[in-house]
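A structural walkthrough
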Amino acid sequence: EGLEYGDYEDCQFCEHEQIRYVHILAHPEYSDTIRVGCVCACNLTNDYVEPKRRERLLRNRTARRSRFPNRRSWRVNRQGGKTIKLDNHRITVGLKRGRYRVWIDGEEGTLYYDDERGAMLRAYDRVQKTDRCP
C-alpha cells in the first residue's frame, strides 16, 4: 500500500519488473531462497493451484484491510472515539494528548499515531495477527 513505481520487487527468475505479490521459494538443495511472481512460482513448483490460491487470499486480505477504516459499523463512543467489533474483539481509536491511541478489548496500546486512519490500520493488523497466527 502506498508504494510507487520502482518500489516493487523484480522477479528473480524471469526478471519481470514490478511484481506486487512476492512468492518466496526455497529448495533443500539450495541454500538461498528466490523471490518470484505468481506465474514463476507456479512454473517452478509445478503447482498451478496453491500459489494462485495464496496470492488470492493475500489480495483479499489487503483489500479488507484498506476498507477497514471506512466501514460503516464504526460507532462514536461517549468520549468521542470510534469503536468497532472485529473478530470478537472490541477496537477503539481515540484522541489522547492530541494524538490517536488504540484500545483493543479495553487494553490501551503503547503507541501514539499522527492520524486516525493509521491507528485504525494498526489495530486491524494487531487483531488479525492474534487471530490468524498459531
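Going by the structure above, here's the rest.
Structure report, in brief. For clarity, every value in this text was computed on a predicted model and none was experimentally measured. (Residues numbered from 1 in each chain as written. Predicted model: local features only at pLDDT ≥ 70, side-chain atom pairs only at ≥ 80, totals over all residues. Heavy atoms only, no water.)

Take the environment of Thr33 next. When you line up the elements, Thr33 lands in the loop between β1 (23-25) and β2 (34-36). Between the C-alpha atom of Thr33 and that of Ile91, which follows or precedes it by 58 residues, the distance is 38 Å. (Helix = DSSP H or I, 4+ residues; strand = E, 2+ residues; numbered from the N terminus.)

Let us look at the sheet that holds strand β4 (residues 82-86). Read from one edge of the open sheet, five strands run β3-β4-β5-β6-β7, paired in antiparallel fashion. Every other strand in the sheet has two partners, leaving β3 (75-76) and β7 (107-108) as the edge strands with one partner each. The sheet contact formed by β3 and β4 spans two bridges and is antiparallel. Note that in β4 the partner of Arg75 across the bridge is Thr83. (Pairing = 2+ DSSP bridges.)

Here we come to the environment of Ile24. Tracing the sequence through the fold places Ile24 in strand β1. The spatial distance from the C-alpha of Ile24 to the C-alpha of Trp103 is 34 Å, given a sequence separation of 79 residues. When near neighbours in sequence (up to four residues on either side) are disregarded, Ile24 contacts Thr33, Ile34 and Arg35. (Contact = heavy atoms within 4.5 Å.)

Treat this as a map of the structure, not an account of what it does.
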